[in-house]
Amino acid sequence: MKASVITSFGGPEVLQEADVPTPGPGRGQVLARVHAAGVNPAELTARSGGFGLPAPAIIGFEFAGTVEQVGEGVTGVRVGDRIAGWPDSFVQGAYAEFTLSGNYALIPDGVTFEQAAATVIGADNAARGLALLAPERGETLVVTGASGALGSAAVQFARLAGLTVIGIAGRDSLPYVESLGATAVEYGDGLVDRVRDAAPDGVDAALDTAGKGLLPALIELRGGTRRVVTLADLDAGRYRVQFSGGNPGNRRNQFVRTALEHIAAGEWRTRIGRTFPLSQAADAHRFLAAGHTGGKVLLVP
Ligand SMILES: NC(=O)c1ccc[n+]([C@@H]2O[C@H](COP(=O)([O-])OP(=O)(O)OC[C@H]3O[C@@H](n4cnc5c(N)ncnc54)[C@H](OP(=O)(O)O)[C@@H]3O)[C@@H](O)[C@H]2O)c1
């Protein structure tokens, strides 16, 4: 199969297309033919060596595709089914024509592979972060990074749960954030005042999905760190704010399935920034690293 293989970690140029053996599914796994792979900030870190992965590595931490082979002990899916999920290994990932997975959701009719691949990590992390805040119907929630993969999912889960949402994003993304049902507020100087104008009765909880130094503003809005959670800011400890990291043990494919069902029902939006062929994985990484992508970045084998 074709894959984007890293033989030594470093800049985007270390992502090199190569022919490698197609893996076979182990117990509890399916072999999935990848139709779209999300390109994520964590993959920039992995590629540059930040995760200490062994080489050679095929990264790519979310995918959408079809079941090609079913391993022993797998139930509930058949060859040809459309699925979206996580590759089981950080080095046998989704930047490839095929990947191995034991954690996935079926993609409902009417949802494209691109939409599904753009939803996996965003929906799962957003739902986990929201659960930690335990927001209740009628409360007001601030979401930073509201135009991003995690933030847009958080806004939409929260709106469906009956919350009022203030979504913080860049100027160009404000119409998109409004289209998700949030009141959109631009980040930058004066952020706290703008949020207070938008939420005169106060803010009940705040979810940071941007990781761009907004924790002091969220703490100020909340009057403390209670019911402030970040999924993205590595300075969380310094501010005594709760950080929640996703890992293979806390991934919940039912959150992905729920989001995909909402897409199928026409009540959930995904935004694709740009799609690159697998052979241009390095360019996809450069595009994501430049920021303000206008939506999810995808690789299509
Ligand atoms: N906890 C976990 O396990 C976990 C899992 C996945 C991702 N993450 C982290 O979550 C973060 C978001 O990931 P993602 O995939 O959602 O990224 P993304 O789709 O690229 O979204 C990034 C968001 O950050 C906003 N942003 C950019 N510059 C900003 C600034 N200077 N101030 C405030 N906001 C700014 C963007 O707004 P505009 O584009 O509108 O400017 C956009 O809303 C990343 O740091 C990622 O590493 C954590």
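Residues numbered from 1 in each chain as written. Predicted model: local features only at pLDDT ≥ 70, side-chain atom pairs only at ≥ 80, totals over all residues. Heavy atoms only, no water.

Trainee: Where do I start with the site of the ligand in this structure?
Mentor: Close contacts around the ligand come from 24 residues, with Ser147, Ser173, Tyr187, Gly246 and His292 the closest. At 2.6 Å, a side-chain N or O of Ser173 approaches an oxygen atom of the ligand. Within the backbone of Ser244, one N or O atom sits 2.8 Å away from a nitrogen atom of the ligand. Across the complex, the protein chains shield 79% of the 930 Å² of accessible surface that the ligand would expose by itself. Listing elements by their share of the shell around the ligand, those giving two or more residues are helix 3 (120-133) and helix 4 (149-160). Its residues placed into classes, the shell around the ligand shows eleven nonpolar, eleven polar and two charged. (Near = heavy atom within 4 Å. Polar contact = N/O pair within 3.5 Å; in protein donor to acceptor, adjacent residues only side chain to side chain. Areas by Shrake-Rupley, 256 points an atom, 1.4 Å probe, with all protein chains shown as cover. Helix = DSSP H or I, 4+ residues; strand = E, 2+ residues; numbered from the N terminus. Nonpolar A, V, L, I, M, F, W, Y, C, P; charged D, E, K, R; others polar.)

Trainee: For this particular structure, what's the right way to read the UniProt feature "domain: Enoyl reductase (ER)" (unreviewed entry) in the protein chain?
Mentor: Those residues carrying the UniProt feature "domain: Enoyl reductase (ER)" (unreviewed entry) are residues 10-299 in this numbering. Annotated as 30% helix and 24% strand, the span residues 10-299 places its first and last C-alpha atoms 19 Å apart. (UniProt positions renumbered as here; feature names shortened; annotations may be inferred.)

Trainee: How do you make sense of helix 6 (residues 191-198) when you look at a structure like this?
Mentor: Every α-helix carries 3.6 residues per turn, so stepping three or four residues along brings you back to the same face. Buried within helix 6 are the following residues: Leu191, Val192 and Val195. Here the buried residues of helix 6 occupy an arc of 95° about the axis, which is enough to place them on one side. Along helix 6, exposed side chains directed more than 90 degrees from the buried face belong to Asp193 and Asp197. (Buried < 20%, exposed > 50% of the residue type's maximum accessible area, 1.4 Å probe, protein only. Arc of directions from axis to C-beta.)

Trainee: Got a minute to help me understand the side chain of Asn250 in this structure?
Mentor: When you line up the elements, Asn250 lands in the loop between strand 13 (242-243) and helix 9 (253-264). Using a relative accessible area of 19% as the deciding quantity, one classes Asn250 as buried.

Trainee: Got a minute to help me understand the nonpolar core in this structure?
Mentor: For soluble globular proteins, nonpolar side chains are generally found buried alongside one another. Tyr95 and Leu299 are the most contacted members of the largest nonpolar core, which has 82 residues in total. Counting residues domain by domain, this core receives three or more from each of domain 1 (2-118 + 270-300) and domain 2 (122-243). Dropping the residues within four chain positions of it, Leu299 is found in contact with Ala36, Ala37, Val39, Tyr95, Phe276, Pro277, Leu278, Ala281 and Ala284. Judged by nonpolar contacts, the second largest core, of 19 residues, contains Ile166, Ala206, Ile219 and Leu221. (Core = buried A, V, L, I, M, F, W, Y, C linked by side-chain atoms within 4.5 Å. Domains from an automatic or database assignment. Contact = heavy atoms within 4.5 Å.)

Trainee: Honestly, the packing of helix 6 against helix 7 (residues 215-222) in this entry has me stumped. Any pointers?
Mentor: For any two helices packed against each other, the geometry is given by the interaxial angle and the distance between the axes. Two elements in contact, helix 6 and helix 7, have axes separated by 10 Å at closest approach and are oriented at 40°. Considered as vectors, helix 6 and helix 7 are oriented oblique to each other. Relative to helix 7, helix 6 is oriented so that their crossing is right-handed. Counting all contacts with helix 6, which are made through Leu191, Val192, Val195 and Arg196, the residues of helix 7 involved are Ala217, Glu220 and Leu221. When grouped by side-chain class, the residues that make up the contact of helix 6 with helix 7 number five nonpolar, no polar and two charged. (Axes fitted to C-alpha atoms, helices over the stretch in contact; angles between N-to-C directions. Parallel < 35°, antiparallel > 145°, perpendicular 65-115°, else oblique. Left-handed = near helix turned anticlockwise from the far one by under 90°.)

Trainee: Is there a simple way to think about the pattern of salt bridges in this case?
Mentor: A side chain with one charge may pair with a side chain of the opposite charge, provided their charged atoms come close. This model, assessed by the stated rule, comprises nine salt bridges. A salt bridge links Arg27 to Glu72; its shortest N-O distance comes to 3.0 Å. Of the two residues, Arg27 sits in the loop between strand 2 (16-19) and strand 3 (30-39) while Glu72 sits in the loop between strand 4 (63-70) and strand 5 (82-86), which places them 45 residues apart along the sequence. The pair formed by Arg27 and Glu72 is uniform in burial state, with each residue classed as exposed. A salt bridge links Arg286 to Asp283, with the nearest nitrogen and oxygen atoms 2.7 Å apart. With Arg286 and Asp283 both in helix 10 (residues 281-290) and three residues apart, this pair spans about one turn of that helix. (Salt bridge = Lys/Arg side-chain N within 4 Å of Asp/Glu carboxyl O.)

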